[in-house]
Amino acid sequence: MTILACDLGGTRMKIGVVREGRVLAQTTAPANSKADMATALSMLQNAWLHLLRELKLEVRDCAGISMAFPSLVDVKSGRVLADFGKYANAVKFDFRAWAQENFQSPLALENDARMALVGEWRHGAGRGSDNVATITLGTGLGTSAVIQGRLLRGQHGQAGVLGGHITVHYGGRDRTCGNIGCAEAEASTAFLCDMAVSLPEWNSSSLRKLATLNYASVFKQAEAGDACALKLREHSVRVWGTLAVNLIHAYDPEIVILGGGIMASAGVILPAIRGYVRKHANTPWGEVRVVAGELGDTAALLAGEWLLQDYFSIST
Ligand SMILES: [Zn+2]
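Overview of the structure. (Residues numbered from 1 in each chain as written. Predicted model: local features only at pLDDT ≥ 70, side-chain atom pairs only at ≥ 80, totals over all residues. Heavy atoms only, no water.)

### Side note on the sheet that holds strand β8 (residues 132-137)
Spatial ordering of the open sheet is given by β10-β9-β8-β11-β12, a layout of 5 strands whose pairing is mixed. One side of each edge strand has no neighbouring strand; the edge strands of this open sheet are β10 (150-151) and β12 (289-292). As judged from the 6 bridges shared by β8 and strand β9 (residues 141-147), these two strands associate in the antiparallel manner. Each residue of the ladder has a partner; that of V132, found in β9, is V146. Packed onto the sheet, helix α3 (residues 112-123) meets β8, β9, β10 and β11 (255-259) and runs at close to 50 degrees relative to β9. Here helix α8 (residues 266-280) sits on the sheet in contact with β8, β11 and β12, set at roughly 165 degrees to β12. (Pairing = 2+ DSSP bridges. Helix = DSSP H or I, 4+ residues; strand = E, 2+ residues; numbered from the N terminus. Contact = heavy atoms within 4.5 Å. Axes fitted to C-alpha atoms, helices over the stretch in contact; angles between N-to-C directions.)

Now the structure itself:
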């Protein structure tokens, strides 16, 4: 089938037309996640119509719409459950009514980390296994799991996807989510500045001279021997390794897939996390494979066909 797919990130919307596990056409648009939902969606609608014209397709050629959303989602009702400070009024918004009105099409909505996992599981690094966990390393930390071929969702839509808020440091950093010492507050781009300035090495660090601090510069300066960057790199990799071990102990995966923008430094991150997992995960059955995602930005788009099929089977 042919579908309209999108991944509504906090900073970028990824938009595509997908058929039989292939992205036929795609584009991105800046996401003003402070805007209201209707404004963001009208931009999305224009982008889809443009892609369809390029492909010489019509809306009626598409079986439905899949949408990956950066928040907790109730798949059955197609509603966003929690306000994460992105897309004002998303919680009250009726996505299905919008899709019906503008496209006369069914719409399936799911959490973005779950969609990234489904994409990798069906079409990417998780192919061939029915037991997969993912960690997305980015502005925040996204997680998700497939156990024995079933996508973990839970009664309230939050199973598997709150791994970034699992405590990795008892008595650690106390930040916005309500928990203390969670993985995201300990090592994610959103908290990198806080982490850096709290280190005594910060004052003499070359990182201070940079206009924006991100993990790409931390890994680069660590390579050059900067003491602050080395400390940040060491700390962050241990946090992500700890999170990987926690997910392995919770979900029993055969593969842990690491994705997200920070994985541009996979050459350092992968061996470090593999080593940490080998040392600290309790898996008497064998060794968990820790691998990089293969699909990048297209993972959540490619999950759309699976999501719509799942939606049709739930709703009929
Ligand atoms: Zn948290």
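### Here's the deal with the coordination of the zinc ion
Every protein donor of the zinc ion is listed here as H165 (ND1), C177 (SG) and C182 (SG), and their distances to the metal cover 2.0 to 2.2 Å. All donor residues of the zinc ion come from one chain, and their arrangement in sequence is H-x11-C-x4-C. Pair noted here: H165 is in the loop between β10 and α4 (183-186) and C182 is in the loop between β10 and α4, with a separation of 17 residues, a long-range link. With relative accessibility at 3%, the residue C182 sits in the buried group. (Donors = N, O, S within 2.8 Å, 3.2 Å for Na, K, Ca; no water. Buried < 20%, exposed > 50% of the residue type's maximum accessible area, 1.4 Å probe, protein only.)

### Here we look at the pattern of salt bridges
Two side chains of opposite charge can pair, provided their charged atoms sit close to one another. Tallied over the full model, the rule gives 10 salt bridges. We note a salt bridge from E287 to R278, for which the minimum N-O separation is 3.3 Å. Relative accessible area serves as the criterion here: at 51%, E287 is assigned to the exposed category. Residue classification places R278 among the exposed positions, given a relative accessible area of 52%. One network of salt bridges, in which partners are shared, links E110, R114, R153 and D310. (Salt bridge = Lys/Arg side-chain N within 4 Å of Asp/Glu carboxyl O.)

### Structural notes on the pairing of strand β4 (residues 64-69)
For β4, a buried count of 6 out of 6 residues is recorded, marking the element as mostly surrounded by other parts of the structure. A two-sided burial pattern is seen for β4, the buried positions comprising G64, S66 and A68 on one face and I65, M67 and F69 on the other. Sheet topology places strand β1 (residues 2-8) next to β4; 5 bridges connect them, and they run parallel. Bridge pairing in β4 places A5 opposite S66.

### Remarks on the nonpolar core
Ranked by internal contacts, the top residues of the largest apolar core, which has 45 residues, are Y215, L232, W240, L258, I269 and I273. When contributions to this core are tallied by element, the ones reaching two or more residues are β8, β9, α4, α5 (192-197), α6 (215-223), α7 (227-251), β11 and α8. For this core, the leading source of residues is α7, giving 12 residues. Excluding residues within four positions of it along the chain, L232 makes contact with L192, M195, A196, L199, L207 and V218. Counting residues in each nonpolar core, the second largest holds 33 residues, with A31, M37, L52 and V80 among its members. (Core = buried A, V, L, I, M, F, W, Y, C linked by side-chain atoms within 4.5 Å.)

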